[in-house]
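Spelled out, the chains give:
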Amino acid sequence: MNENVQYGCGLSAPASWRNFDTSPTLRLQRLPLVGPRLHGKALPLFPPNAEYGDIVKGLPIPTGSCSGIYCSHVLEHLALEDFRTALRNTYAYLRDGGIFRFVLPDLKHLARVYVESDDPGASLVFMEQSMLGKPRRARGVGGLLRDWLGNSAHMWMWDYASMSAELERAGFRDIRRAQFGDSADPHFHDVEDPGRWENCLGVECVK
C-alpha cells in the first residue's frame, strides 16, 4: 500500500489524500447523535473525508505504508517533546524513499522583520504574527471552551537551521528548503495552498 497522508488537515481535505485532524470539533461532528446537532452552529464544518487522528498519539495507518506525508501549519502547535514524537511517527509511516513535506511559520523571517523595523508597534506585530502572545485571557466556560476547541496557540517556533537538525536526528535525508509547488511528486500539488506558504518555512525531506 502506498498512500498519501495529510495530518492537521483542517478544512482542506483533497480526495486524493487521506486526511486527519485532531480538532475536538471534528471528533464531535463524527458522533452519530451529537454531530447533526452541531450543523449550523458557529463551528467549522469539516469535509466528510476528514478523519480524526493525532500524529503524536499515532494514526490508524500501517508503518511503512505512505509514499508522501504532508502537514501545513501544524508542527508549531506542538510542544517540543510532542514535536519530536510526531517526527518519529512520520518517519515510521513513510516507506523507504517516501517524501515528507511541510510548511510552517519562519521564525527567522519574523524576527528579521521585527529587528529591522523602526515602527514603535513592531513588537506587537511580532507577537501577533508569531502567535506567541495572547491579546486577552480566556474567561468563563465559553472562553475556555473556544480556546480548547480552537487549539490555535503556537508552542514552539522554528527556523530552517534548527528544523533541519531535528529532521536529521529523526533519520530523514535529502533535507532541503522547499518552495510552493516545487516537489517532483505531483501528488503534493493537490494538497498545497500558495497562501499558506507566503513568507513561511517550507521543507522537504526523504526517508
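Whatever comes next refers back to the structure up there.
Below, the structure is looked at part by part. Model, not experiment: these values are computed from the prediction.

1. Regarding the overall build of the protein
Phase 1 of the analysis: When you go through the protein residue by residue, the secondary structure sums to seven helices and seven strands.
Phase 2 of the analysis: In the form shown here, the protein has an accessible surface area of approximately 11500 Å², with 55% of it arising from carbon and sulfur atoms.

2. Some thoughts on unusual backbone geometry
Phase 1 of the analysis: The phi angle at aspartate 174 is positive, at roughly 50°, despite the residue not being glycine.
Phase 2 of the analysis: For asparagine 199, which is not glycine, the phi torsion reads 55° and is therefore positive.
Phase 3 of the analysis: Structurally, asparagine 199 is set in the loop between strand S6 (173–178) and strand S7 (200–206).

3. Notes on the packing of helix H4 (residues 107–116) against helix H5 (residues 122–130)
Phase 1 of the analysis: Axis separation between H4 and H5 bottoms out at 9 Å; the angle between their running directions is 165°. When the interaxial angle is binned, H4 and H5 end up roughly antiparallel. By crossing handedness, the relation of H4 to H5 is classed as right-handed. Facing Leu107, Leu110, Ala111 and Tyr114 of H4, the residues of H5 in contact are Ala122, Ser123, Phe126, Gln129 and Ser130.
Phase 2 of the analysis: A per-class count over the contact of H4 with H5 returns six nonpolar, three polar and no charged.

4. Quick look at the nonpolar core
Phase 1 of the analysis: Counting 28 residues, the largest nonpolar core has Tyr7, Leu75, Phe100, Phe102, Met163 and Leu167 as its most contacted members.
Phase 2 of the analysis: Mapped onto this core, the elements with two or more residues apiece are strand S1 (3–7), strand S4 (66–72), helix H3 (80–93), strand S5 (94–105), helix H7 (160–170) and S7.
Phase 3 of the analysis: Of all hydrophobic cores here, the second largest spans ten residues; its members include Trp17, Ala178, Val191 and Trp197.

5. Things to note about the environment of arginine 169
Phase 1 of the analysis: Considering the arrangement of structural elements, one finds arginine 169 in helix H7.
Phase 2 of the analysis: With relative accessibility at 59%, the residue arginine 169 sits in the exposed group.
Phase 3 of the analysis: Remark: the alpha-carbon pair of arginine 169 and arginine 84, spanning 85 residues in sequence, is separated by 9.5 Å.
Phase 4 of the analysis: Only 3.1 Å separates the side chain of arginine 169 from the side chain of glutamate 166, close enough to count as a polar contact.

6. Some thoughts on the packing of aromatic side chains
Phase 1 of the analysis: Applying the stated criterion to the full structure yields ten aromatic pairs.
Phase 2 of the analysis: Put simply, the rings of Tyr7, Tyr91, Phe100, Phe102 and Phe172 pair up and form one aromatic cluster.
Phase 3 of the analysis: The residue whose ring lies beneath lysine 207 is tyrosine 91, and the NZ or CZ to ring-centre distance is 4.8 Å.

7. Considering the pattern of salt bridges
Phase 1 of the analysis: Here the structure, examined in full by the defined rule, presents eleven salt bridges.
Phase 2 of the analysis: Residue glutamate 51 pairs with arginine 18 through a salt bridge whose shortest N-O separation is 2.8 Å. Here glutamate 51 is found in strand S3 (residues 50–52), whereas its partner arginine 18 is found in strand S2 (residues 18–21), with 33 residues between them in sequence.
Phase 3 of the analysis: Look at glutamate 51 and you get partly exposed, because its relative accessible area is 27%.
Phase 4 of the analysis: Under the relative-accessibility criterion, arginine 18 is labelled partly exposed at 25%.
Phase 5 of the analysis: Two residues, arginine 101 and glutamate 192, come together in a salt bridge whose shortest N-O distance is 2.6 Å. Highlighted residues: arginine 101 in strand S5 and glutamate 192 in the loop between S6 and S7, separated in sequence by 91 residues. Like glutamate 192, arginine 101 is buried.
Phase 6 of the analysis: One network of salt bridges, in which partners are shared, links Arg101, Arg176, Asp182, Glu192 and Glu204.

What counts, and at which threshold
- Residues numbered from 1 in each chain as written.
- Predicted model: local features only at pLDDT ≥ 70, side-chain atom pairs only at ≥ 80, totals over all residues.
- Heavy atoms only, no water.
- Helix = DSSP H or I, 4+ residues; strand = E, 2+ residues; numbered from the N terminus.
- Areas by Shrake-Rupley, 256 points an atom, 1.4 Å probe, with all protein chains shown as cover.
- Axes fitted to C-alpha atoms, helices over the stretch in contact; angles between N-to-C directions.
- Parallel < 35°, antiparallel > 145°, perpendicular 65-115°, else oblique.
- Left-handed = near helix turned anticlockwise from the far one by under 90°.
- Contact = heavy atoms within 4.5 Å.
- Nonpolar A, V, L, I, M, F, W, Y, C, P; charged D, E, K, R; others polar.
- Core = buried A, V, L, I, M, F, W, Y, C linked by side-chain atoms within 4.5 Å.
- Buried < 20%, exposed > 50% of the residue type's maximum accessible area, 1.4 Å probe, protein only.
- Polar contact = N/O pair within 3.5 Å; in protein donor to acceptor, adjacent residues only side chain to side chain.
- Phe/Tyr/Trp six-rings, centres within 6.5 Å; stacked < 30°, edge-to-face > 60°.
- Lys NZ or Arg CZ within 6 Å of the ring centre and 35° of its normal.
- Salt bridge = Lys/Arg side-chain N within 4 Å of Asp/Glu carboxyl O.

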